[in-house]
Amino acid sequence: MTEVNTRPRVRGWTRFVTARPRLSLLVALVLTALAVLAGSGVADRLGAGGWEDPSAESTHATKALEREFPGSQPNLLLLLDAGDASVDDPAVAAEAERLTERLAGERGVTGIGSYWQSRAAALRSQDGHEALIAARITGDEKTAGETLERIAPHYRGAHGPAEVTVGGPVAVRHEMQTVIQEDLTRAELIALPITLVLLVMVFGSAVAALLPLGIGIVAILGTNAILRALTELTDVSVFAINLTTALGLGLAIDYALFIVRRFREELSTGAEPVTAIGTTLRTAGRTVLFSALTVAVSLAAMLVFPQYFLRSFAYAGIAVVLLAAAAALILLPAALTLLGHRVNSWDLRRVFRRRGHRPKPDGEEGGAWARTATLVMRRAPVFALGTTAVLVLLGLPFLGVKFGTADDRQLPSASESHVVQQHIREGFPGSPGGGLEVLAEGRATEAQYGAYKERIARLPDALRVDGPLVKGDSAYFTVLPKGEAVGDPAQRLVGELRAVDAPFSTEVTGTAAVLVDSKDAIGERLPLAAVFITIVTLLLVFLLTGSVLIPVQAVVLNALSLTAMFGAVVWVFQDGHLSGLLGFTSPGSIETTLPVLMFCVAFGLSMDYGVFLLSRIKEEYDHTGDHERSVRYGLQRTGGLITAAAVILAVVMVAIGTSRVTNTKMLGLGIALAVLMDAMIVRSLLVPAVMRLTGRATWWAPGPLRRFHTRFGLSEADPAPAEDGKPLTYGEPLTDGEPATSEEPATSEESASDEDPSKDEGPAKGGEPARDKVAPRS
């Protein structure tokens, strides 16, 4: 055979990212500075709502009522507490009337009403010591928030014999927005130093540890600029900035960990820095690109839903994932080019080596992970059935899930707007503000309105009917449901009202109607989102592995890894267990959109780790054709890395979970649990067990799909050239019919793990590569 130079040439993407490293980093620095300017103030432009379907009947009716009957949709409530006196006391009444008149003169406020004007029993507490002034602040969320900030200080506090507190939906949204911004700053202050310490523990080198953190900061700042631009075009939820921080740090660190780890691996073999970068980009770089695509696909599924709360997470998530991957594939190689071997500088683990303990590089405990894989595969049925049973058991509480809406109970119990709403819930009759409004449009007589009112009053879940209030050809009725404002009777009442015959067109709105319409919108589009995620994930994993079975396994096992998260969400946040420890008030339900959001995010992160593991298993299988050895090798090479990445991401999510807003707390802690379960249970135990049970059939694919993968598939492996220079796929026999033997000696850990006598006897039919009869690894 003619000897050929198998040293990779510096070309293509490697040449692009290493040709002008200083210039690349300078451009990145300038763009990051511009992103800081462009993204400044983004939180002030984000909305705190977005749970309703904009095309639903309830949304249309709400807008019509706001336009025609602003007093029917009060979003500002002033709670007057007369102390030991009665609200009917002349001094209290005089002060209340003065405040009502003053509020009526405020710019941007309309629909003023109060107990002292209407004497409505629903606006007076049952003990007679509290009463309400209601109004509507006009404009969108941003305008309403600015109006509230302007007027609230003038009404809050002591006014003669009464004490005034400010509440209502607009106050809840504004306070939630403020709390989220404060909590996010605190979460970053918690997460960044802990993350840096963990990275130093993983890498040893302080220089290497700073690189992933820098990539994460670039991704977060860039995404904030993108969100700021999007606010000019559409509504974006304030909750999205929490996901930006979590994924920006988490995924950027994941990707940088993978690339820096591979780069240091190549340097340790004696490769030159530029050559090491070329190999890293062809291997780990491809995996990072694939991983980013799988995460982006999972997040993109939220775009099929009409609620801007969900769509906002898709905007933020896709942007931060792609920016993190781009920074890891462009800026990081440029930095590594300049650093070269200095990436190992400031080795903080030197003290351990002086004491005779030489730690494994980059946090990898290769022998332990290889032994774990060997043990799991020897007892594959036990581990497969056992872990599956545990995960299913942990998910059982989700069978009792109850869906609701986000309200003031998302806020800390001491927050002003929460206190106001809690007083109303506990002390006022008929749940003021929790009724259903029926908008009637079309000319009608007084008798027709009266007959319709009698019909809806007889509905089984209606407690009381007020109205109608008529204006031109429109009118509206207020219907109070039995029980809670969004309880089961209230939701049934929505359907009952919509089924009542009327001589005019009717539309139903109110809190319970918004919830019913939101659930319907999610239910209609959920199958489409699930099919989208499944099909695209199957295709991407097939392109990576060339197997038919592995993509199916990946989807099923990823979904199974989320059961603990969903079970914990219901057990903790719906049922209220640990509410005292975690500091939240349980509303007795889960906000309708949260499970969808958590599934999409957690599924994408699980695929992230799955791609890391499968890429190394596939790389080794292409080299050796030995199925069990490949599984052991893949877990040995990535077990420590995946665990470290999962722990770091969990730290970031737990920091987000310290938020005082319940939905954010649920999102952070739930995804942290899902990530840890996936890395420590599914990737470490369930995946090796299932792959051992499926054996060589794991890699089977029919002929047409094999040819499709040969042409379009991606692989971490670098094909070794044949003697005539023509590239060969790993595992492909040489043209002269003589097989090549693997030139890479097994490590002592790998040799120890090969004691299992069960070996594959040969390639499965259908083009599977021959075991141990392969082209040499480059």
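Along the backbone of the protein chain there are 26 helices and 11 strands. Relative to its 778 residues, the protein chain shows a buried fraction of 56%. For the protein chain, the proportion of contacts with a sequence separation of at least 24, taken over those separated by at least 6, is 80%. Surface summary for the protein chain: the accessible area is close to 31800 Å², and the carbon and sulfur share equals 60%.

Two elements in contact, helix α4 (residues 90–104) and helix α6 (residues 141–155), have axes whose closest approach is 12 Å; the angle formed by their N-to-C orientations is 160°. On the basis of the axis angle, α4 is roughly antiparallel to α6. As α4 packs across α6, the resulting crossing turns out to be right-handed. In contact with Leu 99, Arg 102 and Leu 103 of α4, α6 contributes Ile 151, His 154 and Tyr 155. A per-class count over the contact of α4 with α6 returns four nonpolar, one polar and one charged.

Evaluated as defined, the whole model comprises 16 aromatic pairs. Where Trp 51 meets Phe 239, the ring centres are 6.1 Å apart and the plane angle is 65°; that geometry is what we call edge-to-face. With Trp 51 in the loop between α2 (21–39) and α3 (57–68) and Phe 239 in the loop between α8 (206–230) and α9 (240–268), the pair connects residues that are 188 residues apart, well separated along the chain. For Trp 51, a relative accessible area of 13% translates into the label buried. With relative accessibility at 3%, the residue Phe 239 sits in the buried group. Aromatic ring contacts, followed pair by pair, group Trp 51, Phe 239, Phe 309 and Phe 313 into a single cluster. Between the NZ or CZ atom of Arg 102 and the centre of the ring of Tyr 155, over which it lies, the distance is 4.9 Å.

Looking now at the packing of helix α18 (residues 511–545) against helix α22 (residues 594–624). It is the contact of α18 with α22, at a shortest axis distance of 11 Å, that shows an interaxial angle of 10°. Taken together, the axes of α18 and α22 lie roughly parallel to each other. On the side of α18, the interface is formed by Ile 522, Leu 526, Ile 533, Thr 537, Val 541, Leu 544 and Thr 545, while α22 contributes Val 596, Phe 599, Cys 600, Phe 603, Met 607, Val 611, Leu 614, Ser 615 and Lys 618. Its residues assigned to classes, the contact of α18 with α22 shows 12 nonpolar, three polar and one charged.

Counting 160 residues, the largest nonpolar core has Phe 239, Tyr 255, Leu 257, Val 321 and Leu 597 as its most contacted members. In this structure Leu 597 touches Met 302, Phe 309, Leu 310, Phe 313 and Leu 667, once residues within four positions along its chain are discounted. Judged by nonpolar contacts, the second largest core, of 35 residues, contains Leu 77, Ala 144, Ile 151 and Ala 152.

For the rest of this paragraph, the subject is the pairing of strand β8 (residues 462–471). Strand direction decides the pairing type here: β8 and strand β9 (residues 474–481), joined by seven bridges, are antiparallel. Counted as the bridge partner of Val 470 is Ala 475 from β9. The loop that links β8 with its antiparallel partner β9 comprises two residues; one of these, Gly 472, has a positive phi angle of about 65°.

Moving on: the side chain of Gln 553. Looking at the element boundaries, Gln 553 is found in helix α19 (residues 549–561). Ignoring anything within four residues of it in the chain, the contact list for Gln 553 reads Val 690, Met 691 and Thr 694.

Turning next to the pairing of strand β1 (residues 76–81). Buried residues dominate β1, accounting for five of its six residues. Sheet topology places β1 next to strand β3 (residues 130–137); six bridges connect them, and they run antiparallel. Bridging from a neighbouring strand, Leu 77 pairs with Ala 134 of β3. Pairing of β1 with strand β5 (residues 162–167), which is carried by five bridges, proceeds in the antiparallel orientation. Of the residues in β5, the one forming a bridge with Leu 78 is Val 166.

Inspection of the secondary structure assignment puts Gly 427 in helix α15 (residues 416–427). Judged by relative accessible area, which is 17%, Gly 427 ranks as buried. Note: C-alpha distance between Gly 427 and Ala 131 (296 residues apart in sequence) is 10.0 Å. Apart from the residues lying within four places of it in its own chain, the contact partners of Gly 427 are Ser 125 and Gln 126.

This part covers the sheet that holds β3. The five strands are arranged β2-β3-β1-β5-β4 in an open sheet whose pairing can be described as antiparallel. With partners counted over all chains shown, the strands left at the sheet margins are β2 (109–114) and β4 (157–159), one partner each. Between one strand and the next, the sheet's axes are offset by a mean angle of 25°, whatever the strand orientation. Here three bridges tie β4 to β5, and the two strands are oriented antiparallel to one another. Within the sheet, the bridge partner assigned to Ala 158 lies in β5 and is Glu 163. Sheet strands in contact with α6 are β1, β2, β3, β4 and β5, and its direction is about 145° off that of β3. Helix-sheet contacts for α15 involve β1, β3 and β5, and the interaxial angle to β5 is about 105°.

With that out of the way, let us pick up the environment of Ile 217. Along the polypeptide, Ile 217 turns up in helix α8. Expressed as a C-alpha distance, the spacing of Ile 217 and Ala 324, which sit 107 residues apart in the sequence, is 9.1 Å.

On to the sheet that holds β9, then. Spatially, four strands are ordered β8-β9-β7-β10 in an open sheet, and the strand pairing comes out antiparallel. The sheet terminates laterally at β8 and β10 (505–510), the two strands that pair on one side only. Recorded for the sheet is a direction-independent mean angle of 20° between the axes of neighbouring strands. Across the sheet, helix α16 (residues 446–457) touches β7 (436–441), β8, β9 and β10, and the angle it forms with β8 is around 160°. With respect to the sheet, helix α17 (residues 488–499) is in contact with β7, β8, β9 and β10, its orientation differing from that of β7 by roughly 10°.

Here the focus is unusual backbone geometry. Following Gly 467, the chain continues to Pro 468 via a peptide bond in cis, the omega torsion being 5°. Position of Pro 468 relative to the elements: it lies in strand β8. If you check the backbone angles, Arg 119 has positive phi at about 60° while not being a glycine. Looking at the element boundaries, Arg 119 is found in the loop between α5 (115–118) and β3. Positioned with a positive phi, Leu 578 is a non-glycine residue whose angle comes to about 70°.

How each quantity is defined
- Residues numbered from 1 in each chain as written.
- Predicted model: local features only at pLDDT ≥ 70, side-chain atom pairs only at ≥ 80, totals over all residues.
- Heavy atoms only, no water.
- Helix = DSSP H or I, 4+ residues; strand = E, 2+ residues; numbered from the N terminus.
- Buried < 20%, exposed > 50% of the residue type's maximum accessible area, 1.4 Å probe, protein only.
- Contact = heavy atoms within 4.5 Å.
- Areas by Shrake-Rupley, 256 points an atom, 1.4 Å probe, with all protein chains shown as cover.
- Axes fitted to C-alpha atoms, helices over the stretch in contact; angles between N-to-C directions.
- Parallel < 35°, antiparallel > 145°, perpendicular 65-115°, else oblique.
- Left-handed = near helix turned anticlockwise from the far one by under 90°.
- Nonpolar A, V, L, I, M, F, W, Y, C, P; charged D, E, K, R; others polar.
- Phe/Tyr/Trp six-rings, centres within 6.5 Å; stacked < 30°, edge-to-face > 60°.
- Lys NZ or Arg CZ within 6 Å of the ring centre and 35° of its normal.
- Core = buried A, V, L, I, M, F, W, Y, C linked by side-chain atoms within 4.5 Å.
- Pairing = 2+ DSSP bridges.

Worth remembering: the numbers are spatial, not functional.
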